[in-house]
Amino acid sequence: MKRLKRRTLSEANLAATDRFDVVVVGAGLAGTAASYLLAKAGLSVLCVERGEDPGTKNVMGGILYRQPTEKILPGWWKDAPVERPIVEERIWLVTPDSMVQGGFRSARYGEEPYNAFSVLRVKFDKWFADQAVGAGAVLVTDTVVEDVLRENGRIVGVTTGREQGDVHGDIVIAADGVNSLLSKKAGLHPELAPHQVALVTKEIINMSREKIEDRFLLNANEGATIEVFGDSTMGMLGYGFIYTNRDSLSIGVGALLSDLIKKKINPNVLMEHFKSHPMVKRLLEGGEAKEYMAHLIPEGGAASMPPVYRQGMLVVGDAAGLSNPIYREGSNLALMSAKFAAQVCVEAHERGDFSAEMLSRYQTLLDESFIMDDLRGYSKTSSFFQGKPQFLERYPEILVDALHEFLTVDNVPKRAKQRRILRQVLSRRAPWELARDAVGALRALT
Amino acid sequence: MHIVVSIKQVPDTSEVRIDPRTNTMIRSGVPSIINPDDVHALEEAIRLKEQFGGRVTVVTMGPAQARDALRETISYGADEAILCSDRRFAGADTLATSYALWKAILKIGEAEPVDLLLCGRQALDGDTGQVPPGLATRLGWPQLTSVFKIEELELSARRIVVHRAVEGGEEIVCSRLPCVITCTREINIPRYPSFPNMVRAARYQPTTWDKTDLGIDDDSQIGLRGSPTIVSKVWAPGPRKRGATVLIDGSDPEAAASQLVRLLMHEPLLEVEVASAGDKHD
Ligand SMILES: Cc1cc2nc3c(=O)[nH]c(=O)nc-3n(C[C@H](O)[C@H](O)[C@H](O)COP(=O)(O)OP(=O)(O)OC[C@H]3O[C@@H](n4cnc5c(N)ncnc54)[C@H](O)[C@@H]3O)c2cc1C
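Residues numbered from 1 in each chain as written. Chains lettered and ligands numbered in written order. Predicted model: local features only at pLDDT ≥ 70, side-chain atom pairs only at ≥ 80, totals over all residues. Heavy atoms only, no water.

**Student:** Even after reading the chapter, I still don't get the domain arrangement of chain A, so can you show me in this structure?
**Tutor:** A common way to express how large an interface is: the accessible area buried when the components associate. Domain parsing of chain A yields domain 1 (19-60 + 120-190 + 306-368), domain 2 (85-116 + 194-298) and domain 3 (389-445). Here the C-alpha centre of domain 3 of chain A lies 49 Å away from the C-alpha centre of domain 1 of chain A. (Domains from an automatic or database assignment.)

**Student:** Can you help me understand unusual backbone geometry in this one?
**Tutor:** Negative phi characterises most residues that are not glycine, and trans characterises most peptide bonds. Residues and elements named next belong to chain A. Residues Gly61 and Gly62 are joined by a peptide bond in cis, for which omega reads 10°. Along the chain, the position of Gly62 falls in the loop between β2 (45-48) and β3 (63-65). In this chain, Glu112 is followed by Pro113 through a cis amide linkage whose omega measures 5°. One non-glycine residue, Asn152, adopts positive backbone phi at about 50°. Position of Asn152 relative to the elements: it lies in the loop between β8 (145-151) and β9 (154-160). If you check the backbone angles, Leu217 has positive phi at about 55° while not being a glycine. With respect to the helices, strands and loops of the structure, Leu217 is situated in the loop between α7 (209-215) and β12 (223-230). (Helix = DSSP H or I, 4+ residues; strand = E, 2+ residues; numbered from the N terminus.)

**Student:** Hey, could you run me through the sheet that holds strand β8 (residues 116-120) of chain B in this one?
**Tutor:** Across a sheet, paired strands are connected by hydrogen bonds in the backbone, their directions being either parallel or antiparallel. Residue and element names in this part refer to chain B. The mixed open sheet is built from nine strands, whose spatial order is β11-β10-β9-β12-β8-β1-β6-β7-β13. The open sheet terminates on both sides in strands that have one partner only, identified here as β11 (169-176) and β13 (207-209). The sheet shows a mean angle of 30° between the axes of neighbouring strands, direction not considered. Bridge count between β8 and strand β12 (residues 179-183): five bridges; the pairing is parallel. Residue pairing in the sheet places Leu118 in a bridge with Ile181 of β12. (Pairing = 2+ DSSP bridges. Axes fitted to C-alpha atoms, helices over the stretch in contact; angles between N-to-C directions.)

**Student:** Where do I start with the interface of chain A and chain B in this structure?
**Tutor:** Facing the 22 residues of chain A at the interface are 10 residues of chain B. Across the chain A to chain B interface the summed buried area is about 1200 Å²; carbon plus sulfur atoms make up 62%. Inspection of the region where chain A meets chain B yields zero salt bridges. Taken together, the links from chain A to chain B amount to two residue pairs in polar contact (both at pLDDT 80 or more). (Contact = heavy atoms within 4.5 Å. Buried area = accessible area lost by both parts, 1.4 Å probe. Salt bridge = Lys/Arg side-chain N within 4 Å of Asp/Glu carboxyl O. Polar contact = N/O pair within 3.5 Å; in protein donor to acceptor, adjacent residues only side chain to side chain.)

**Student:** Explain the packing of aromatic side chains to me, please; I cannot follow it from the model alone.
**Tutor:** The geometry of an aromatic ring pair is captured by two quantities: the separation of the ring centres and the angle between the planes. In this structure the tally under the stated criterion is 15 aromatic pairs over all chains. Judged by centre distance (4.7 Å) and plane angle (20°), the ring pair of Phe241(A) and Tyr243(A) falls under stacked. Phe241(A) gets classed as buried once you look at its relative accessible area, which sits at 7%. When its relative accessible area of 2% is taken as the criterion, Tyr243(A) is described as buried. Sitting above the plane of the Phe384(A) ring, Lys388(A) keeps its charged end 4.4 Å from the centroid. Looking at Lys107(B), its charged tip hangs above the ring of Trp209(B), at a distance of 4.9 Å from the centre. (Phe/Tyr/Trp six-rings, centres within 6.5 Å; stacked < 30°, edge-to-face > 60°. Buried < 20%, exposed > 50% of the residue type's maximum accessible area, 1.4 Å probe, protein only. Lys NZ or Arg CZ within 6 Å of the ring centre and 35° of its normal.)

Structural data, given as structure tokens:
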């Protein structure tokens, strides 16, 4: 069955209200990217978002990368509401009273076309969705999708929480974010387990531009990021972050949900703990907390991913578990998966074939890209570090004490100092444990 | 039946702050909504359309951004939405606004005569309630303000009966059609728009009319030039002073009542609290 190819925009616009070529659920990064690309390809596309506006429900650190986003919208950063281009990335390892830091700063990152930007999703998502609407996508907000529509076991659309809420589509794209209701309803996966998600709380803290630039040693309009490991998560698997926006800071901390449950730590308590760390507190001084939010992040990489397609349906972005938190990647995976999904939808539409076999092309595209390669690696990393609190508790302390000893000038000969440090290290961790952890960590991270 | 609803897009005052230095509203970054009273007027229009058949046309005067509000009216079930927008309209007070809207309603009426003009009782941001009476005067139609119930409408007899809220009571009034009605929030509970109407609204492109479309060639009637009102000062009222509190022992109701009456008669600025027998106060 060959269907009409490439309908023009106005034709798509005149079409009935209850039938579309593709129905996209969620106007986050993945959903909007897919809607934009599909509309541009001439398909009729409906995107349904539960928030009053796109972005109002969304939480991200958030660092958005220039190059992957350009795969969707070339030159996007020239028009989009971005906060600051990131010129410096720091990593801190902290104990309750000390910190070891590393980082990278490059003037190259301060020049066009830049590498990454801090963004506020409320502003960015709205702008991004406007681009999709401009390309001809129909965006319905303030409307929750409650289930998939089935006919003879086939997925033929979705049903929303409004009156006469059914809408048909040849393909449904589930872009409804982490813990995707839609893919659960479609039987693609059960409820996520607590070790498969991290719970992150985030605050936006208002601060003047000058103060931000002084404190973070930035030139005008440049931005920095800090990732904080160790005592920031009270020993749980996760990390804290501080990112600079134009005139606010985004600060957050998250840990594996199973760790929070096991340790019975309330996420608010974790946030207060992070904010009151002496090095963090100093950076926040004089700021005014403006917004508070919490969100889940898919953990566990490839091993925790649900099937990403079935007849009549594709799953993209966080909904498909595409997230690589240790490298702070999620947005780029959401955008690239949306691009692959859109590509497959266009092919399927041209052939009039929406079978599982046809849509399995999407899985192949993911497999062949960096995405699955990275996520298989992340599975290894994530499962290695789970249940090994020494990496975020004992080792930072050992390191801090060693450096403290080494850098304290007290008339002890250097050779004696080195011996003292070695003795201290070995008294706290047996040589074979150290060796095992070192080899394991190296394997897990490479 | 052809009903026109005139609406206004206003800043969501639940999120508005007052600049403490200038005492003016900080409008930047504040989301815009359809003026709440106007949503009730729109809902009433849709209900009348559902009952009697016909069309609902929505009109507003404002900047391009007001298209969002107009699109939203389509989701409630309006058939058409028109934006009157022109740089020359900027700075209009209620007199100049009613002039431009009057011209728009005349033009709407050319295509299909208008039977009823529904408006909200007043706008959230200005609270003047002057535009609908202005329109009624210019149109030469009767005006029924603060209506909280439409009792009956006889299209053939061209008459309508409504309940108006008046100081200390209500009034039941009969009017001929066409007329102007301003609605209070008590008149109905606005619907939760259906999905097909949400889709229709998402696709809808409101018609835009500028000064020329409206056939206005006399600039002295519109915008800042057509606005004799001058706002000399805006200020936020200071916090209300609280009077002293007197506690009345309520164990003897009769004595409490007479004490209360005495207090109210002689010290009207007191806040009085009556404690019933079992209540504990610290
Ligand atoms: C605190 C935090 C910090 C992060 N920092 C970064 C970072 O710095 N850089 C980075 O690259 N990634 C980061 N990520 C990850 C990144 O935010 C996600 O990977 C990305 O947002 C995924 O995009 P998405 O479109 O798949 O999902 P989302 O952006 O979550 O969008 C899902 C959309 O679907 C809508 N929706 C959900 N259910 C329904 C429904 N039933 N009906 C209708 N609509 C629905 C939601 O309202 C939402 O708009 C971070 C995540 C968190 C939580």
